[in-house]
Amino acid sequence: MAIKTKNEYLKSLEGRNLKIYMFGERVDDPMNHPIIRPSINSVAMTYELANKPDFEDVMTATSHLTGERINRYTHIHQSTEDLINKVKMLRALGQTTCSCFQRCVGMDAMNAIYSSTYEIDTAEGTDYHKRFVEYVKHAQKEDLTIDGAMTDPKGDRRLRPGDQPDPDMFVHVVKETKEGIVVRGAKAHQTGCINSHEILVMPTLAMRQEDKDYAVSFAVPVEAEGLVYIYGRQSMDMRKMDESDSGKIDQGNACFGGQEILLVFDDVFVPWEKVFMCGEYQHSGMLVERFAGYHRQSYGGCKVGVGDVLIGAAALIADYNGTQKASHIKDKIIEMIHLNETLYACGIACSSQGEKTASGNYLVNLLLANVCKQNVTRFPYEISRLLQDIAGGIMVTLPSAKDLKNPEVGPYIEKYLKGVSSVPTENRIRLLRFIENMCLGCGATCYLTESMHGAGSPQAQRIMMSRMLDMGARKEMVKRLAGIKE
Ligand code: SF4
Ligand code: FE
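Residues numbered from 1 in each chain as written. Chains lettered and ligands numbered in written order. Predicted model: local features only at pLDDT ≥ 70, side-chain atom pairs only at ≥ 80, totals over all residues. Heavy atoms only, no water.

## Observations concerning the packing of helix H4 (residues 80-97) against helix H8 (residues 284-321)
It is the contact of H4 with H8, at a shortest axis distance of 7 Å, that shows an interaxial angle of 35 degrees. Judged by the sense of rotation from one axis to the other, the crossing of H4 with H8 is right-handed. Contacts from Leu83, Lys86, Val87, Leu90, Arg91, Gly94 and Gln95 of H4 reach H8 at Tyr294, Gln297, Ser298, Gly300, Gly301, Cys302, Val304, Gly305, Val306, Asp308 and Val309. Class assignment of the residues belonging to the contact of H4 with H8 gives a composition of 8 nonpolar, 7 polar and 3 charged. (Axes fitted to C-alpha atoms, helices over the stretch in contact; angles between N-to-C directions. Helix = DSSP H or I, 4+ residues; strand = E, 2+ residues; numbered from the N terminus. Left-handed = near helix turned anticlockwise from the far one by under 90°. Contact = heavy atoms within 4.5 Å. Nonpolar A, V, L, I, M, F, W, Y, C, P; charged D, E, K, R; others polar.)

## Focus on the coordination of the iron ion (ligand 2)
Binding of the iron ion (ligand 2) to the protein goes through Tyr299 (OH) and Glu450 (OE), at separations of 2.3 Å. In this pair, Tyr299 is assigned in helix H8 and Glu450 in helix H15 (residues 442-453), connecting sequence segments 151 residues apart. Residue classification places Tyr299 among the buried positions, given a relative accessible area of 2%. (Donors = N, O, S within 2.8 Å, 3.2 Å for Na, K, Ca; no water. Buried < 20%, exposed > 50% of the residue type's maximum accessible area, 1.4 Å probe, protein only.)

## Some details on empty space enclosed by the protein
Following the criterion strictly, the structure yields 4 cavities of 30 Å³ or more and no others. Counted as a void, the largest cavity has a volume near 150 Å³. Lining of the largest cavity is provided by 17 residues; of these, Lys240, Asn253, Asn437, Cys442 and Gly443 occupy positions nearest its centre. Of all the secondary structure elements, the ones that give two or more residues to the lining of the largest cavity are helix H7 (245-251), helix H14 (425-440) and H15. Looking at the lining of the largest cavity, the element that brings in the most residues is H15, giving 3 residues. Taken together, the residues of the lining of the largest cavity break down into 6 nonpolar, 8 polar and 3 charged. Taken domain by domain, the makeup of the lining of the largest cavity includes at least three residues from each of domain 1 (7-283) and domain 2 (287-470). In this structure, the second largest cavity spans a volume of roughly 100 Å³. As for the second largest cavity, its lining consists of 13 residues, of which Cys100, Cys104, His295, Cys302 and Glu450 are closest to the centre. Secondary-structure elements contributing two or more residues to the lining of the second largest cavity are helix H5 (104-124) and H8. Looking at which element gives the most residues to the lining of the second largest cavity, the answer is H8, with 5 residues. (1 Å grid on protein atoms, 1.4 Å probe; cavity = no way out; pocket = protein on both sides within 12 Å on 5 of 7 lines; lining within 4 Å. Points joined across faces, edges and corners; volume = space filled by probe spheres on them. Domains from an automatic or database assignment.)

Purely geometric numbers; function is a separate question.
Have a look at this one:
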């Protein structure tokens, strides 16, 4: 079935024996763990929306490999329209979940590996692309969620992979046999990997000849022997452990969330048919650059969708507080809109200026994708600051919802935390908790820190911008206009 339903996705996660650790203990039932479940709900939304007729254009596509209708998450972009629809899909999902829905990294990895393997084969006479096409067909047919794994722990940042005192600071091949390879190392910040079906690994840097063993790309199932998942904590995550009605009020966005994991490869075997790069160090930089470009484009969609919800939260809390007519409040909301739509404009621009690669799929305009992500490292912080300004200090001094329900002090909270008289105090409290979550809690992990470091930290985009801009041509422009002859 090329487009799975939400329930089929949820069923596919059942009964898997994964080595997951959280708070020093093994997690046996991730599906029903209160910290993990909201992140599963977010990925499930990528299946649910794909089955809604209203979202058909943005959430689904026609496979160029099989001709079948597929979830856009498994699609290889065939046009700039596909790239634009991808951004729209991410905005819609951001609006629906107000979280990180995790599945985009794998889609971006697939598109980057698709064109890179084609070019590696052309240059080196290898046959990775054919293998990868088979892998994509399988992912499309089964509507798989794929974890794209790029970021290595990196150890001493001054040293290249092969020069590290501990050789495992970057994922590398430790053994090669007739059947396949054995890999060791770790990938950090793995978004949604235990909610996925497959892990698709890429190198994290351009490599030198000495780092040949580190120039490796491959796929393994999430259940592969030797994979260990160590769950990343998020700000205020313990609130998720209280699943009572009042506990859910205090969570703010109780239904949805992100997931970040330290993923260890403790000598994992990979059969040759799932190896997509092995030693072609000269091409590692191209793969990294393309993946980063796609994922920097992604942020011009997903964070914009979250921003839409936050703009709604700002306007609603102003209504509840009775400040909606104040001119400075209106102006702050306009500023939030301006910043958010600027991010969207960047996401659409780098998509519409995308170009066909030698393999036939479409790649975003890399300069504009980097500009997009650079803005994402800044604007969400300002949007969050404006939201906190409009919400007021009460968002961090509220008593717990358990006190609201307490017969003795609850009436005081009802009375003294009321804003405009037509709005029930509980609604105001629910909204303030939502805003707190998005500005300071688990939601801020996704909206703020992830905006800073996800898809590469700010400096990575600045390096790309300086490399991609033709400065010589610009110097010539000014010389011509100023009549300078050298
Ligand atoms: Fe998708 Fe955005 Fe999460 Fe990346 S940060 S996986 S683009 S939702
Ligand atoms: Fe991310």
